[in-house]
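Observations on the model geometry
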Amino acid sequence: MPLTFRWSKRLGRGLRLNASRSGLSVTKRIGRATVSSTGRVSVRLLKGLNWHGKLW
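So, here's what we can say about the structure. Numbering of residues starts from 1 in every chain and runs along the sequence as written. Predicted model: local features are reported for residues with pLDDT of at least 70 only, side-chain atom pairs are reported and counted for 80 or more only, and whole-chain, interface and lining totals are derived from all residues. Computation of side-chain values covers all heavy atoms of the structure but excludes hydrogens and water.

Patch membership needs two things, relative accessible area over 30% and no salt bridge, and members are linked within 9 Å if like-charged or within 5 Å if nonpolar (Val, Leu, Ile, Met, Phe, Trp, Tyr). Accessible surface is estimated by sampling points in the Shrake-Rupley manner with a 1.4 Å probe; for residues, cover comes only from the protein chains shown. Basic side-chain nitrogens of Lys or Arg form a salt bridge, by our definition, when they fall within 4 Å of a carboxyl oxygen of Asp or Glu. Positive charges are assigned to Lys and Arg, negative charges to Asp and Glu, while His and the chain termini are left out of the count. In plain terms, the charge of a residue is placed at NZ if it is Lys, CZ if Arg, CG if Asp and CD if Glu. Residues R6, R10, R13, R16 and K28 make up a contiguous surface patch of positive charge. Among the structural elements, R10 can be located in strand β1 (residues 6-12). Counting from the N terminus, the helices are DSSP H or I runs at least four residues long and the strands are E runs at least two residues long.

Pasting the structure below:
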């Protein structure tokens, strides 16, 4: 089993700085949606049910 590295730090209300082996990213939460600086988006549809996609 390979080892993974992931680190996250809260920068403010709804804003996070994420670090992993692949690099740094910033994530902003807007209501039920979470948008990442890498172009990924996640939307909470129901409790325990999420939709994930790409913006670009």
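Bringing the sheet that holds strand β5 (residues 40-46) into the picture now. Taken in spatial order, the six strands line up as β1-β2-β3-β4-β5-β6 in an open sheet, and their pairing is antiparallel. Here the strands that pair on one side only, and so sit at the sheet edges, are β1 and β6 (49-54). Geometrically, the sheet is characterised by an average inter-axis angle of 20 degrees between neighbouring strands, direction not taken into account. Strands qualify as paired when DSSP identifies two bridges or more between them. Across six bridges, the pairing between β1 and strand β2 (residues 15-20) is antiparallel. Bridge pairing in β2 places R10 opposite R16. Orientation is described by lines fitted to C-alpha atoms, with helices fitted over the stretch in contact, and by angles between N-to-C directions that extend from 0 to 180 degrees.

Moving on: the side chain of S25. Following the sequence through the fold, S25 ends up in strand β3 (residues 23-30). Residues are treated as being in contact if the distance between any of their heavy atoms lies within 4.5 Å. Setting aside residues no more than four positions away along its own chain, S25 makes contact with R16, L17, N18, S36, S37 and T38.

Relative to β3, β2 runs antiparallel, the two sharing six bridges. Within β3, the residue paired with S20 across the bridge is G23. Two successive antiparallel strands, β2 and β3, enclose a turn made up of two residues. Bridging between β3 and strand β4 (residues 33-36) involves four bridges; their strand directions are antiparallel. Bridging across to β4, I30 finds its partner in A33.

A contiguous nonpolar patch, built from L45, L46, L49 and W51 and spanning about 410 Å² of accessible area, is present on the exposed surface. When residues of the nonpolar patch are traced back to their parent elements, those giving at least two are β5 and β6. With respect to the helices, strands and loops of the structure, L46 is situated in strand β5. Overall, the relative accessible area of 56% leaves L46 in the exposed class. Buried residues are those whose accessible area, probed at 1.4 Å on protein chains only, stays under 20% of the maximum for their type, while exposed residues exceed 50% and partly exposed ones sit between those limits.

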